[in-house]
Amino acid sequence: MKILIDFFPILFFFGAYKVYDIYVGTAVLMGATVLQMTLIYGIDRKLQAMHKITLTLILLFGTLTLALHDDRFIKWKPTVLYTAMSIGLAIAVWGMRKNFLKLLLGSQLELPDAIWHRLNVAWVVYTAFMAVTNAYVVMNFSTEAWVTFKLWGYAFPLVFLVGQGIYIAPHIQADEDDKVAEKEGSP
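*Asks:* Lay out the side chain of T79 with the relevant residues and their values.
*Replies:* Turning to its location among the elements, T79 is positioned in helix 4 (residues 72-95). Among the polar contacts listed, one links the side chain of T79 to the backbone nitrogen of A135, at a separation of 3.3 Å.

*Asks:* Which residues make up a nonpolar patch on the surface, and what are the values?
*Replies:* Taken together, I87, I91, M96, F100 and L103 make up a surface patch of nonpolar side chains, about 490 Å² in accessible area. Secondary-structure elements contributing two or more residues to the nonpolar patch are helix 4 and helix 5 (100-105). Mapping I91 onto the fold places it in helix 4.

*Asks:* How would you sum up unusual backbone geometry? Please name residues and give values.
*Replies:* Despite not being glycine, R45 has its phi angle at roughly 65°, a positive value. Tracing the chain through its elements places R45 in the loop between helix 2 (22-44) and helix 3 (49-68). Its identity as a non-glycine residue notwithstanding, R97 has a phi of 60°, on the positive side. For R97, the location among the structural elements is in the loop between helix 4 and helix 5.

*Asks:* Can you lay out the packing of aromatic side chains for me, pointing to particular residues and giving the numbers?
*Replies:* If you walk through the whole model with that rule in mind, you get nine aromatic pairs. Ring centres of W123 and Y126 lie 5.6 Å apart, and the angle between their planes is 85°; this geometry places the pair in the edge-to-face category. Of this pair, W123 and Y126 are both found in helix 6 (residues 113-140), three residues apart, which corresponds to roughly one turn of the helix. Per residue, the accessibility class of W123 equals that of Y126, and both read buried. Put simply, the rings of Y82, W123, Y126 and F160 touch in pairs and so form one group of aromatic residues.

*Asks:* Hey, could you go over the packing of helix 6 against helix 7 (residues 143-152) for me, with residue numbers and the actual values?
*Replies:* For the pair helix 6 and helix 7, the least separation of the axes is 8 Å and the interaxial angle reads 155°. By the angle class used here, helix 6 and helix 7 are roughly antiparallel. The hand of the helix 6/helix 7 crossing is right-handed. From helix 6, T133, N134, V137 and V138 reach across to helix 7, where they touch W146, F149 and K150. Tallied by class, residues from the contact of helix 6 with helix 7 come to four nonpolar, two polar and one charged.

*Asks:* Could you give me a rundown of the packing of helix 4 against helix 6, with the residues and numbers involved?
*Replies:* For any two helices packed against each other, the geometry comes down to the angle between their axes and how far apart the axes lie. Axis separation between helix 4 and helix 6 bottoms out at 8 Å; the angle between their running directions is 155°. In terms of orientation, helix 4 and helix 6 fall into the roughly antiparallel class. Relative to helix 6, the crossing made by helix 4 is left-handed. A class-by-class count of the residues in the contact of helix 4 with helix 6 yields 18 nonpolar, seven polar and one charged.

*Asks:* Could you give an account of the environment of N134, naming the residues involved and the relevant values?
*Replies:* With respect to the element layout, N134 can be found in helix 6. Relative accessible area serves as the criterion here: at 1%, N134 is assigned to the buried category. Put simply, N134 and K150 are 16 residues apart on the chain and 8.5 Å apart in space, counted from C-alpha to C-alpha. Setting aside its immediate chain neighbours within four residues, N134 contacts K75, W76, P78, T79, W146, F149 and K150.

*Asks:* An account of the pattern of salt bridges is needed here, citing residue identities and associated values.
*Replies:* In this structure the tally under the stated criterion is four salt bridges. Note that E144 is salt-bridged to K18, the shortest N-O span being 2.3 Å. Highlighted residues: E144 in helix 7 and K18 in helix 1 (residues 2-19), separated in sequence by 126 residues. A salt bridge links K102 to D113; the nearest nitrogen and oxygen atoms lie 2.4 Å apart.

Calculation rules
- By convention here, each chain's residues receive numbers from 1 onward along its written sequence.
- Totals for whole chains, interfaces and linings use every residue, but because this is a predicted model, local features are given only for residues with pLDDT of at least 70 and side-chain atom pairs only at 80 or more, for both listing and counting.
- Each side-chain value is worked out from all heavy atoms of the structure, with water and hydrogens disregarded.
- Here a helix means four or more residues in a row that DSSP labels H or I, a strand means two or more in a row labelled E, and each is numbered from the N terminus.
- N or O atoms closer than or at 3.5 Å make up a polar contact, with two conditions inside protein: a donor-capable atom paired with an acceptor-capable one, and, for residues adjacent in sequence, both atoms drawn from side chains.
- Each patch is assembled from residues with relative accessible area greater than 30% and no salt bridge, linking like charges that lie within 9 Å and nonpolar side chains (Val, Leu, Ile, Met, Phe, Trp, Tyr) that lie within 5 Å.
- Surface exposure here means Shrake-Rupley accessible area, sampled with a 1.4 Å probe, where a residue is shielded only by the protein chains that are shown.
- Put simply, a salt bridge is a Lys or Arg side-chain nitrogen that is within 4 Å of an Asp or Glu carboxyl oxygen.
- Centres within 6.5 Å make a pair out of two Phe, Tyr or Trp rings, where for Trp the six-membered ring is used; the pair is then stacked when the planes are under 30 degrees apart, edge-to-face when over 60, and tilted otherwise.
- Relative accessibility thresholds used throughout: buried, under 20% of the residue-type maximum; exposed, over 50%; partly exposed, between the two (1.4 Å probe, protein chains only).
- To get an axis, fit a line to the C-alpha atoms, keeping to the stretch in contact for a helix; angles then go from 0 to 180 degrees between the N-to-C directions.
- If an angle is under 35 degrees, it is roughly parallel; if it is over 145, roughly antiparallel; if it lies from 65 to 115, roughly perpendicular; otherwise it is oblique.
- Handedness of a crossing is defined here by the sense of rotation of the near helix relative to the far one, left-handed for an anticlockwise turn of less than a right angle and right-handed for a clockwise turn.
- Contact criterion: two residues are considered in contact whenever any of their non-hydrogen atoms come within 4.5 Å of each other.
- Only Asp, Glu, Lys and Arg are considered charged in this grouping, and only Ala, Val, Leu, Ile, Met, Phe, Trp, Tyr, Cys and Pro are considered nonpolar; every other residue, Gly among them, is considered polar.

Encoded structure:
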């Protein structure tokens, strides 16, 4: 269910763009994202910082796109978001010696610190890659190509997340095995 909630704004945007234009698509994206965040809040009773940032940027860049009738704003939004994420994670891990991924997900996943560090670095590289890729498409291709890239570009995060799952799976299993061994060995 949550995966559908994550993807429906981009699907609605794509559909509205194909039937109408980038401006109707942008308005639909804004509305769908507000609905998405309402659903997430209804399920989790909170919004993560990333949800709040995403909502703010979509509403800000969407409003600029519609008010100024200039599609460059909505097309650059992903680059701004990914760049901010990359810089934020990099400053946190190398400047502040904090691992935001572990802070956010540590209560759900028990992983060795070295694995958390590698995951954080992977996110820095991934978000930088996505920022550069979006910027490249915006600067070198038509709006039509960019919209198509946005739809099919969702393969990048899916591949990245599956790769992360494959990478951390042995560490989760090892952790579970350690817990079982501790329980069996205790009196």
